[in-house]
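As a plain string of letters, each chain reads:
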Amino acid sequence: MTKRKFIYLFCYLAYASIYTARVNLSIANPALTAAGILNTVEIGILGGAFSAVYASGRLFNGFIGDKAPPPLMIGAGLLICGAANACIGAFPPFVAILILWSANAYAQSMLWGALIALMAALYDERTAKKRTAFLSTSIAVGNIVGILLCSWLTVRFGARYAFIVPGLITLVLGVLIGVVMRDVPPHVSDAPHLSFWQLLRRRELQIVAVPAFIHGILKENVSLWMTVYIVDTYGVDLGGSAYYLLLIPIFGFLGRFTHRFFYRLAGENEHKVSIVAFILAALVSLMAAFRVSALYGILCLTFVYGAASTINTSFLSIYPHRFRRQGNVSSVGGIVDFATYLGASAGSLVGGVLIYHFGYSSMFILWAVLSVAGAAVLAKFIHSRGQSQ
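Residues numbered from 1 in each chain as written. Predicted model: local features only at pLDDT ≥ 70, side-chain atom pairs only at ≥ 80, totals over all residues. Heavy atoms only, no water.

Asker: Quick question: what am I supposed to make of helix H8 (residues 137-156) here?
Answerer: Side chains of residues three or four places apart in an α-helix project in the same direction, reflecting 3.6 residues per turn. Between its first and last C-alpha, H8 extends 28 Å over 20 residues, near the 28 Å set by a 1.5 Å rise per residue. Within the sequence span of H8, burial applies to Thr137, Ser138, Ile139, Ala140, Gly142, Asn143, Gly146, Ile147, Cys150, Leu153 and Thr154. One or two residues past the end of H8 sits Gly158, with phi positive at roughly 115°. (Helix = DSSP H or I, 4+ residues; strand = E, 2+ residues; numbered from the N terminus. Expected span 1.5 Å × (residues − 1). Buried < 20%, exposed > 50% of the residue type's maximum accessible area, 1.4 Å probe, protein only.)

Asker: Just checking my understanding: could you explain the environment of Val329 for this structure?
Answerer: Inspection of the secondary structure puts Val329 in helix H16 (residues 329-358). Separated by 209 residues in the primary sequence, Val329 and Ala120 place their C-alpha atoms 7.8 Å from one another. The residues contacting Val329, other than those within four sequence positions of it, are Asp66, Ile116, Ala117, Ala120, Pro320, His321, Phe323 and Arg324. (Contact = heavy atoms within 4.5 Å.)

Asker: What's the story with the packing of aromatic side chains in this structure? I'm lost.
Answerer: To describe a pair of aromatic rings, you give the distance between the ring centres and the angle between the ring planes. Applying the stated rule across the entire model yields 18 aromatic pairs. Ring centres of Tyr15 and Tyr19 lie 5.6 Å apart, and the angle between their planes is 65°; on these two criteria the pair is classed as edge-to-face. Taken together, the positions of Tyr15 and Tyr19, both in helix H1 (residues 3-20) and four residues apart, correspond to about one turn of that helix. Through a chain of ring-to-ring contacts, the aromatic side chains of Phe50, Tyr54, Trp101, Phe163 and Tyr341 assemble into a single cluster. (Phe/Tyr/Trp six-rings, centres within 6.5 Å; stacked < 30°, edge-to-face > 60°.)

Asker: I'm lost on helix H5 (residues 94-108) in this one. Help?
Answerer: Taking 1.5 Å per residue as the helical rise, H5 with its 15 residues ought to reach 21 Å, and the 21 Å between its terminal C-alpha atoms agrees with that figure. By the burial criterion, the buried members of H5 are Ile97, Leu100, Trp101, Ser102, Asn104, Ala105, Ala107 and Gln108. Elements that come into contact with the buried residues of H5 comprise H1, helix H2 (24-34), helix H3 (40-65), helix H4 (70-88), helix H6 (111-122) and helix H9 (161-180).

Given below as structure tokens:
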């Protein structure tokens, strides 16, 4: 195995590992509430804090990631993530858990920008896009491993080990990253870096931020609402079972893994891939509005998630490399990811209100309308730019 392949393997393991240290709170949730360690209000606060800190961190660390050595950003992120999770396993008072979980969120926000900047440093532009797209499948792998591992640890040894073990894994990987990647230089651009305000004033980024915002609503809210939707609508008892939850990352993996095929089919234009995925998400969201069966509902939502994962790969793995020459790969990824998490937060709020007053179907119809809007914005953008590649 060449050194570049060895480094790439560690990048894949590193990004997969942080998702075991993110999904653990959801998996340990029932055990934590049953033991009186946390209540539902406190868990809700932790979830909101994670999203807010992670989104802000992606924006801030995106710009740092274009200038700092990637191994430093990746290694430090893993070490902080690991230490925070290991400390949470001691179950300190809630305020301490909140601080540690927020530190975990910020640490995780340090990785992706540095990873795509590292791909730009190691490979030519076309290869970097391919490597980054496949690297995004580590998200689904990390979620699958995290669900299985943390479920087993919680049942077998107790909820604290759902934090301690993922923490130890990321700590070890953080140390190894520092050793394996110590000689990797940062990406050197052909032109001066664009500043934060220069990027925000670019019309192109302003337009792309709109469908990125929309896809964030789809991607994150499927995970948020699927289980409670199936329970409330079809009366299925999903308590204690992780198997239905596994369908989400499995379809996410398929969406990311097949992106390369559709990307080639679309003439290596990631926006065309996203348009097709948005249209698929719109159709399936409309189908989900009809009550048929639990399996039907689960498949509809997981297909929506798969489509959103395909779009996510376009926006966060491929699109930032368009700014390779300016040396803003990481910062553009940070801006787009920030828009994505704003969409996730807005979608959670609006979705909850719609479900309360009008039922789940109203939320699915909104998803369909927004998906059509996302496709329309990208289609108009492609037409205005006259993009053919």
